[in-house]
Amino acid sequence: MTTALIQTADGTFTAYFSGTGLARLDFPIGGRVSRSNRTGLSAQAGAWLSLTERALKQALSGKSPGKWPPLDLSAGTEFQRCVWNALREIRSGQTKSYAQVAQAIDRPGAVRAVGQACGANPIPVVIPCHRVLAAGGKLGGFSAGLDWKLKLLRREGVVPESD
DNA sequence: AGTTCGGACCGTT
DNA sequence: AACGGTCCGAACT
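Only a predicted model underlies this, so the values are computations on that prediction, with no experimental measurement involved.

Trainee: Please provide a residue-by-residue account of the packing of helix α2 (residues 78-88) against helix α4 (residues 111-119), values included.
Mentor: Look at α2 against α4: their axes get within 9 Å of each other, and the N-to-C directions meet at 80°. In terms of orientation, α2 and α4 fall into the roughly perpendicular class. Where α2 abuts α4, its residues Phe79, Gln80, Val83, Trp84 and Leu87 lie against Ala113, Val114, Ala117 and Cys118. Residues belonging to the contact of α2 with α4 are distributed by class as follows: eight nonpolar, one polar and no charged.

Trainee: Tell me about the domain arrangement of chain A, residues and numbers included.
Mentor: How large an interface is tends to be reported as the accessible area lost when its parts come together. Here chain A is partitioned into domain 1 (2-60) and domain 2 (78-155). One C-alpha centre belongs to domain 1, the other to domain 2, and the line joining them spans 23 Å. Taken residue by residue, the interface counts 11 residues in domain 1 and 11 residues in domain 2. Of the roughly 950 Å² buried at the junction of domain 1 and domain 2 (both faces included), carbon and sulfur atoms supply 72%. On the surface where domain 1 and domain 2 come into contact, there are two salt bridges. One salt bridge in this structure joins Asp10 and Lys151, with 3.7 Å as the shortest N-O distance.

Rules used in this analysis
- Each chain has its residues counted from 1, following the order in which its sequence is written.
- Both sets of labels track the order of writing: A upward for chains, 1 upward for ligands.
- Reporting of local features is limited, given that this is a predicted model, to residues whose pLDDT is at least 70; pairs of side-chain atoms are given and counted only at 80 or more, and all residues count toward the totals for whole chains, interfaces and linings.
- Heavy atoms from the whole structure form the basis of all side-chain values; hydrogens and water molecules are not counted.
- Axis lines are fitted through C-alpha atoms, for helices just across the contact stretch, and the angle between N-to-C directions can take any value from 0 to 180 degrees.
- Starting at the N terminus, helices and strands are each numbered in turn, a helix being any DSSP run of H or I of at least four residues and a strand any DSSP run of E of at least two.
- Between 65 and 115 degrees an angle is taken as roughly perpendicular, under 35 as roughly parallel, over 145 as roughly antiparallel, and anywhere else as oblique.
- Only heavy atoms matter for contacts: two residues are in contact if any of them lie within 4.5 Å across the pair.
- Each residue gets one of three labels, nonpolar for Ala, Val, Leu, Ile, Met, Phe, Trp, Tyr, Cys and Pro, charged for Asp, Glu, Lys and Arg, and polar for the others, Gly among them.
- Where each domain begins and ends follows an automated or database-derived domain assignment.
- Throughout, buried area stands for the accessible area (probe radius 1.4 Å) lost by two parts on being put together, summed over both.
- By convention in these notes, a salt bridge is any Lys or Arg side-chain nitrogen within 4 Å of a carboxyl oxygen on Asp or Glu.

Written out as structure tokens, the structure reads:
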């Protein structure tokens with residue numbers, strides 16, 4: 001896997017590319033300053049990086065991200081990939097509850113497992129785990145920090161209920 | 001209305 | 001066997 005840094009107004013993300021596509025995206029980690037490094041990438045990875053960079057910046061500003069590179073979700077279990085695919089169908093500005101997602105993948109009752117799967121999502125923002133709220137439109141949790149979840153949602157025009 | 005509590009549910013480690 | 005990014009109903013303020 002090759003890694004590459006992506007600078008945005010919100011910090012420096014880290015992207016991981018396998019031979020199949022974008023496999024992982026990390027939120028900025030505090031305090032390190034480095035510049036995007038494109039050297040040493042295969043032509044294909046370079047192209048994917050360009051796509052990722054452009055789409056990520058669009059997504060972060062609440063606009064339509066356009067085309068993402070192919071995603072490599074092979075690290076996940078079958079159930080997790082199922083959930084992640086369902087998440088990708090939630091458009092910007094829309095939200096679903098964990099129960100609704102469970103419903104959508106035809107496993108009502110697997111509500112908590114869905115929560116787990118969301119937390120295991122390797123490609124946040126691209127796979128919009130932040131658009132999944134708790135019942136009643138309440139914020140729910142977020143492994144990368146609730147501040148991120150709020151920030152992303154508000155840029156898409158979503159205002160969660162306060163409990 | 002709001003709050004707390006308890007149990008049921010299911011995939012992962 | 002234990003833990004979640006949950007949910008719902010019951011039983012209280």
